Amino acid sequence: MQFEHIPHPAPTSDTDREAILANPGFGTHFTDHMVTIEYTEGQGWHDAKVEPRAPIMLDPAAAVLHYAQEIFEGLKAYRHEDGTIALFRPEENARRLNASADRLAMPHVPEELFVEAIRQLIAVDGKWVPGAEGSSLYLRPFMIATEAFLGVRPAKRYKFMVIAGPAGNYFKSGAPAVSIWISSYTRAAPGGTGAAKCGGNYAASLVPTREAFARGHDQVLFLDAVEHKWVEELGGMNLFFVFDDGRVITPPLTGTILPGITRASLIQLLREEGLNVSEEPYSIDQWRADAQCGHLLETMACGTAAVVTPVGKVAGEDGEFTIGSGGPGQLTSKIREKLVGIQRGTIADTHGWVMPIG
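It should be emphasised that the depicted structure is a prediction, and the values quoted were computed from it without experimental measurement.

The rules behind the values
- Residues numbered from 1 in each chain as written.
- Predicted model: local features only at pLDDT ≥ 70, side-chain atom pairs only at ≥ 80, totals over all residues.
- Heavy atoms only, no water.
- Helix = DSSP H or I, 4+ residues; strand = E, 2+ residues; numbered from the N terminus.
- Buried < 20%, exposed > 50% of the residue type's maximum accessible area, 1.4 Å probe, protein only.
- Contact = heavy atoms within 4.5 Å.
- Phe/Tyr/Trp six-rings, centres within 6.5 Å; stacked < 30°, edge-to-face > 60°.
- Lys NZ or Arg CZ within 6 Å of the ring centre and 35° of its normal.
- Patch = residues over 30% accessible without salt bridge, like charges linked within 9 Å, V, L, I, M, F, W, Y side chains within 5 Å.
- Areas by Shrake-Rupley, 256 points an atom, 1.4 Å probe, with all protein chains shown as cover.
- Salt bridge = Lys/Arg side-chain N within 4 Å of Asp/Glu carboxyl O.
- Core = buried A, V, L, I, M, F, W, Y, C linked by side-chain atoms within 4.5 Å.
- Axes fitted to C-alpha atoms, helices over the stretch in contact; angles between N-to-C directions.
- Parallel < 35°, antiparallel > 145°, perpendicular 65-115°, else oblique.
- Left-handed = near helix turned anticlockwise from the far one by under 90°.
- Nonpolar A, V, L, I, M, F, W, Y, C, P; charged D, E, K, R; others polar.

Engineer: Before we go on, may I ask you to explain the environment of Asn-276 in this structure?
Structural biologist: Position of Asn-276 among the secondary structure elements: in strand S14 (residues 276-279). Residue Asn-276 is classed as partly exposed on the basis of its relative accessible area, which comes to 47%. C-alpha separation for the pair Asn-276 and Phe-213, spaced 63 residues apart in sequence, amounts to 34 Å. Setting aside chain neighbours within four positions, we find Asn-276 in contact with Gly-246, Arg-247 and Val-248.

Written out as structure tokens, the structure reads:
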């Protein structure tokens, strides 16, 4: 597919961009351009453009506004020491987007088109990829239903877009380990959309997340919807539990947990470290008991935005408990360094995960 390029009439100055890159935060600054591609039933994908980032023109009856047909992805571009830019496993993001599309009755975006859209955006906004350690360019591909109609059925028109912005540390507290709050709310139920990366799942997490923040915690923990005892995931991250006998467990993918790409990568890297990694249910009561007796050494949260982050404290209505010393554990630090090293090109990529794009 050919992309039409429309240059920005007044791009961000070098001085202003460098000031932003020096302290990018997360999700508050954006590059000058965006990618848009249209989909029409019977025609497929068409009208691919790289154009100035601007508000989207939508009819008030657009299906996304009424029936929430919307999905998205998140991945990062990294600047390597030699100045080149690379992505980490973007084809997995494309596959997960299409899995989400299946659940929400939306069209697939061909994997090649997904990656090419990102490549096209970075080709014009590559200066926005930070070089500082701990920083990257966060990419947000997403799809919305744009057909104007009122009626409960899948739409016939869609728009796929990619926007991007420089990103620093995901957690604002800057603490060496995060604190999480056990929510009484449910994020996802069996048979629902828990495994899809759609806006509705995150909308359901906003009240419990606000509650966690108000209590001084960094993230919210969701338990299962049926028994409300099994650990599932945080508001936007998967969890791993490290024990003193060399075992590591992570909650299984049962359709209520997002299949994280960082999660899948960590399972492989941890096994290469000689650890026995299994996907099995883990209850909140067992988590508390294992932490208190010292059998549990570390808990790590992982995701594209947070990378690998140690969990130091867990709190709920019936009290709180600390994991290990309450700070980063040895394995969490080691596996984070290895993953980040692969992403940034300082450690050899033996898995074919890194995709150079510029």
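Engineer: Can you help me understand the packing of aromatic side chains in this one?
Structural biologist: Aromatic ring pairs are described here by two measures, namely the spacing of the ring centres and the angle between the planes. Considering all chains together, one arrives at 12 aromatic pairs under this definition. Seen from their ring centres, Phe-72 and Tyr-202 are 5.2 Å apart, and the 55 degrees between their planes marks the pair as tilted. Of this pair, Phe-72 sits in strand S4 (residues 70-72) while Tyr-202 sits in helix H5 (residues 199-203), and the two are 130 residues apart along the sequence. Aromatic ring contacts, followed pair by pair, group Tyr-39, Trp-45, Phe-114, Tyr-158 and Phe-160 into a single cluster. If you follow Arg-53 out to its NZ or CZ, it ends over the ring of Phe-30, 4.3 Å from the centre. Above the face of the Phe-149 ring, Arg-153 is positioned so that its terminal group lies 3.8 Å from the ring centre.

Engineer: What should I look at first to understand a nonpolar patch on the surface in this one?
Structural biologist: Together, Ile-56, Leu-58 and Leu-65 make up a nonpolar patch on the protein surface, roughly 230 Å² of accessible area in all. Relative to the elements of secondary structure, Leu-65 occurs in helix H2 (residues 63-67). Judged by relative accessible area, which is 52%, Leu-65 ranks as exposed.

Engineer: Where do I start with the nonpolar core in this structure?
Structural biologist: When a protein is soluble and globular, its nonpolar side chains tend to lie buried together. Formed by 43 residues in total, the largest nonpolar core has its most connected members in Ile-37, Phe-114, Ile-122, Leu-139 and Phe-160. If one sorts the elements of this core by residue count, helix H4 (residues 111-125) sits on top with seven residues. With 23 residues, the next largest nonpolar core counts Val-178, Leu-239, Val-311 and Val-314 among its residues.

Engineer: Explain the pattern of salt bridges to me, please; I cannot follow it from the model alone.
Structural biologist: All chains considered together, the criterion is met by 17 salt bridges. A salt bridge links Asp-245 to Arg-247, with the shortest nitrogen-to-oxygen separation between them at 3.1 Å. Classification of Arg-247 as partly exposed rests on a relative accessible area of 26%. The shortest N-O distance in the salt bridge between Glu-273 and Lys-338 comes to 3.4 Å. Of this pair, Glu-273 sits in the loop between helix H7 (261-272) and S14 while Lys-338 sits in helix H9 (residues 330-344), and the two are 65 residues apart along the sequence. Residues joined by salt bridges that share partners form a network here, namely Glu-272, Glu-273, Lys-334 and Lys-338.

Engineer: Just to check I follow, could you spell out the packing of H7 against H9 for this structure?
Structural biologist: When two helices pack together, their arrangement is captured by the angle between the axes and the distance separating the axes. Two numbers describe how H7 lies on H9: the axes approach to 11 Å, and their chain directions differ by 115 degrees. Between H7 and H9, the crossing angle belongs to the class labelled roughly perpendicular. The handedness of the crossing between H7 and H9 is right-handed. In this structure, H7 contributes Thr-262, Ser-265, Leu-266, Leu-269, Leu-270 and Glu-272 to the contact, and H9 contributes Leu-331, Ile-335, Lys-338, Leu-339 and Ile-342. Considering only residue class, the contact of H7 with H9 consists of seven nonpolar, two polar and two charged.

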